[in-house]
Amino acid sequence: MADNATHRYISSFFLVGIPGLQDFHCWIGIPVCLLFALALLGNSVIIITIKLEPSLHQPMYFFLCMLAVNDMALASSTAPKMLGIFWMDAHWIDFDTCLTQLYFIHTFCIIESSLLVAMAFDRYVAICIPLRYTTILTTPMVIKIGLAGITRAILMVLPCPLLIKRLPCYTKYVINHAYCEHMAVVKLASANTLINRVYGISVALSVMVWDLGLIAASYTKILQAVFRLSSQNARSKALGTCAAHVCTILVSYTPALFSFLTHRIGKKVPPSIHIIFASLYLLVPPAVNPLVYGVKTKQIRDRVVGLFFPNKKISGN
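Since the structure is predicted, the reported quantities are computational estimates derived from the model, not experimental observations.

Caption draft 1: Main features of the state of the cysteines. If you walk through the whole model with that rule in mind, you get one disulfide. Each sulfur in the disulfide pair Cys98 and Cys180 lies 2.0 Å from the other. Negative torsions about the S-S bond denote left-handed disulfides, and the value of about -120° found for Cys98 with Cys180 makes this one left-handed. Of the two residues, Cys98 sits in helix α4 (residues 95-128) while Cys180 sits in the loop between β3 (174-175) and α8 (182-186), which places them 82 residues apart along the sequence. Cys242 supplies the cysteine sulfur nearest to Cys128, a cysteine that is in no disulfide, at a spacing of 8.9 Å. A relative accessible area of 25% places Cys128 in the partly exposed class.

Take a look at the structure:
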């Protein structure tokens, strides 16, 4: 009974980091730090640029601003603890702190997916029904869409830490991960975790299937509308407005799908590879998204150039 009580009231977990690569943690921390710094700097520049440039006060850029804020929050919820593990051997994490990190990581991930859907809808309205763009995507509507995405994420993820809290006891405390991930924590419990596993998989599948389905439906309609245009120049311009968003979708969903599939069916994939991809999923999109939009979106590119190089003449193209 005393042993069970000890397991029941476990106070902290031990985060391994990258299993099998502990000797290289110091070096692994360098790209993690660079990605984190790039995420904070790049997204801050995007937010400041959109705030200062009146021509960017449009629904598309409001959604981008929300994405930038979410990306900064997502990177900040993971990178500091990872750097603590890699550089300072700060492997221990309090039980409740672990559940808090777990909650925020998964919440920000779902918000990210919701915003990508919202941006796909924005491109659909802009290209397929442009005459109604300003009447459909008003500022209040953009705010409502953003709040709906946040509310969905909060409610979907909330049961995860609550279900973990109800598990009766823990016989293990070592998490073979660089951060607190839902399934990694659930696997430590010495109890029937069927409800936890089913709910976790249901949330992940529903978000991916529903959101990717909506994005695919939007782009199907967009491509149909684009190929009905008679001018090649008009087609290029229309597709050009979607380029940054498509790149962001690929950057966000590719490592997420790989991580999800290897976690469930990739039994032969080394744990170190799985953990690396799971970490990249949380750090690469926040770092890369500002670069994608900075390069692919002329209005942002020109404004950023003007912000840092005020004497440089911006081309009219």
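Caption draft 2: Representation of the layout of surface pockets in the model. Looking at the second largest pocket, its volume works out to about 280 Å³. In terms of lining residues, the second largest pocket is bounded by 13 residues, among which Tyr61, Gly240, Thr241, Thr297 and Gln299 are the most central. Listed by contribution, the elements that provide at least two residues to the lining of the second largest pocket are α3 (59-88), α10 (232-264) and α12 (298-308).

Caption draft 3: Structural view of helix α6 (residues 139-157). End to end, α6 covers 27 Å across 19 residues, agreeing with the expected 27 Å (1.5 Å per residue, within 8%). Every buried residue belonging to α6 is among Val142, Gly146, Gly149, Ala153, Met156 and Val157, and all of these are buried. Take α6 and look down its axis: the buried residues cluster within an arc of 110°, on one side only. Of the exposed residues in α6, those oriented more than 90 degrees away from the buried face are Lys144 and Leu155.

Caption draft 4: Spatial organisation of the UniProt feature "transmembrane region" (unreviewed entry) in the protein chain. What UniProt calls "transmembrane region" (unreviewed entry) maps, in this numbering, to residues 27-48, 60-79, 99-121, 142-164, 198-217, 238-261 and 273-293. Between the C-alpha atoms that bound residues 142-164 there is a distance of 35 Å. The span itself is 96% helix and 0% strand. As a span, residues 198-217 carries 100% helix and 0% strand, and end to end its C-alpha atoms are 28 Å apart.

Cut-offs used in this document
Residues numbered from 1 in each chain as written. Predicted model: local features only at pLDDT ≥ 70, side-chain atom pairs only at ≥ 80, totals over all residues. Heavy atoms only, no water. Disulfide = S-S within 2.5 Å. Helix = DSSP H or I, 4+ residues; strand = E, 2+ residues; numbered from the N terminus. Buried < 20%, exposed > 50% of the residue type's maximum accessible area, 1.4 Å probe, protein only. 1 Å grid on protein atoms, 1.4 Å probe; cavity = no way out; pocket = protein on both sides within 12 Å on 5 of 7 lines; lining within 4 Å. Points joined across faces, edges and corners; volume = space filled by probe spheres on them. Expected span 1.5 Å × (residues − 1). Arc of directions from axis to C-beta. UniProt positions renumbered as here; feature names shortened; annotations may be inferred.

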